[in-house]
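Architecture and fold: a report
Next come the chains, spelled out residue by residue.
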Amino acid sequence: MADKPAAPRTALRRIGYVMFLSRWIQVPLYLGLIVAQVVYVWRFMLELLHLAQLGFGGTPPETTVMLIVLGLVDVVMISNLLIMVIIGGYETFVSRLRIEGHPDQPQWLSHVNANVLKVKLAMAIIGISSIHLLQIFINAARPAITDRELIWKTLIHLTFVVSALALAWIDRIMEGSRPHLGSGERPAEMQHPQRGAA
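The structure presented is a predicted model; accordingly, all values stated were derived computationally and were not measured. (Residues numbered from 1 in each chain as written. Predicted model: local features only at pLDDT ≥ 70, side-chain atom pairs only at ≥ 80, totals over all residues. Heavy atoms only, no water.)

**Some words on helix H2 (residues 27–57)**
- Taking 1.5 Å as the rise per residue, H2 with 31 residues should run 45 Å; its terminal C-alpha atoms sit 45 Å apart, in good agreement.
- All buried positions along H2 are accounted for by Tyr-30, Gln-37 and Leu-51. (Helix = DSSP H or I, 4+ residues; strand = E, 2+ residues; numbered from the N terminus. Expected span 1.5 Å × (residues − 1). Buried < 20%, exposed > 50% of the residue type's maximum accessible area, 1.4 Å probe, protein only.)

See the structure below:
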């Protein structure tokens, strides 16, 4: 009779363990983003070759060169966004990378969490949106660019800015509401730096 109450607890522990293991289902998603990163590198190299052919093979208008360079910057910023999602998302939701002490470890990775990741992604999106908006402004003289499109693109960019500010403000509020640690205390994740092999 004494074993009966222990059976449900054991079953619940096993269910919880299976749910904890389910985080590994996300691994193919991050591997897929690495493939997307390779595609962006390929696109960057093609655009760079196109720029070199224009720059050294003729006298293209300055606006054309500027638009191609902005396109290259846009690819780099999207690539940076992918890196933040791949590394930060994996570290936050799947498993620790265990690269402490590595000379190339990003500074932001040591204190990354879901909120920090959201703010950093929002800032990256603002940068990408700024590049797109600048491209639209450069092409504003062309008949294909209407005033309506300029207004909507600007409003969308401002929406991204307001959203990023709101996320940063909420993160600051949440940070202030957390109990401060004493001099001898450490966060739970620092007390147990190593996770199990699961």
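**A word on the packing of aromatic side chains**
- By the definition in use, this model includes one aromatic pair.
- Taking 6.2 Å as the distance between ring centres and 85° as the angle between the ring planes, the aromatic pair formed by Tyr-30 and Tyr-90 counts as edge-to-face. Placement of Tyr-30 in helix H2 and of Tyr-90 in helix H3 (residues 62–93) is noted, with a sequence separation of 60 residues between them.
- The ring of Phe-20 has Arg-23 sitting right over it, with the charged end atom 3.9 Å from the ring centre. (Phe/Tyr/Trp six-rings, centres within 6.5 Å; stacked < 30°, edge-to-face > 60°. Lys NZ or Arg CZ within 6 Å of the ring centre and 35° of its normal.)

**Topic: the nonpolar core**
- Counting residues in each nonpolar core, the largest one holds five residues, listed as Ile-78, Leu-81, Met-84, Ala-124 and Ile-128.
- For this core, the elements supplying multiple residues, two or more each, are H3 and helix H4 (114–138).
- It is H3 that contributes the most residues to this core, three residues altogether. (Core = buried A, V, L, I, M, F, W, Y, C linked by side-chain atoms within 4.5 Å.)

**Comments concerning a nonpolar patch on the surface**
- Judged by side-chain polarity, Ile-125, Ile-151, Trp-152, Leu-155, Ile-156, Leu-158 and Phe-160 come together as a nonpolar surface patch covering roughly 650 Å² of accessible area.
- When residues in the nonpolar patch are grouped by element, the largest group, six residues, is from helix H5 (residues 147–177).
- Considering the arrangement of structural elements, one finds Phe-160 in helix H5.
- Taking relative accessible area as the criterion, Phe-160 reaches 34% and is therefore assigned partly exposed. (Patch = residues over 30% accessible without salt bridge, like charges linked within 9 Å, V, L, I, M, F, W, Y side chains within 5 Å. Areas by Shrake-Rupley, 256 points an atom, 1.4 Å probe, with all protein chains shown as cover. Salt bridge = Lys/Arg side-chain N within 4 Å of Asp/Glu carboxyl O.)

**Thoughts on the side chain of Ser-129**
- The residue Ser-129 is located in helix H4 in this model.
- Apart from the residues within four sequence positions on either side, Ser-129 is in contact with His-157 and Phe-160. (Contact = heavy atoms within 4.5 Å.)

**Here we look at the confidence of the model for the protein**
- Counting all residues, the mean pLDDT for the protein is 79, and 83% of those residues have values of 70 or more.
- At the low end of the mean pLDDT range in the protein sits helix H6 (residues 188–191), at 45; at the high end sits H2, at 91.
- This stretch, residues 181–198, has a pLDDT under 50; its non-local contacts, to residues over four places away or in other chains, come to 16 contacts. (pLDDT = per-residue confidence, 0-100.)

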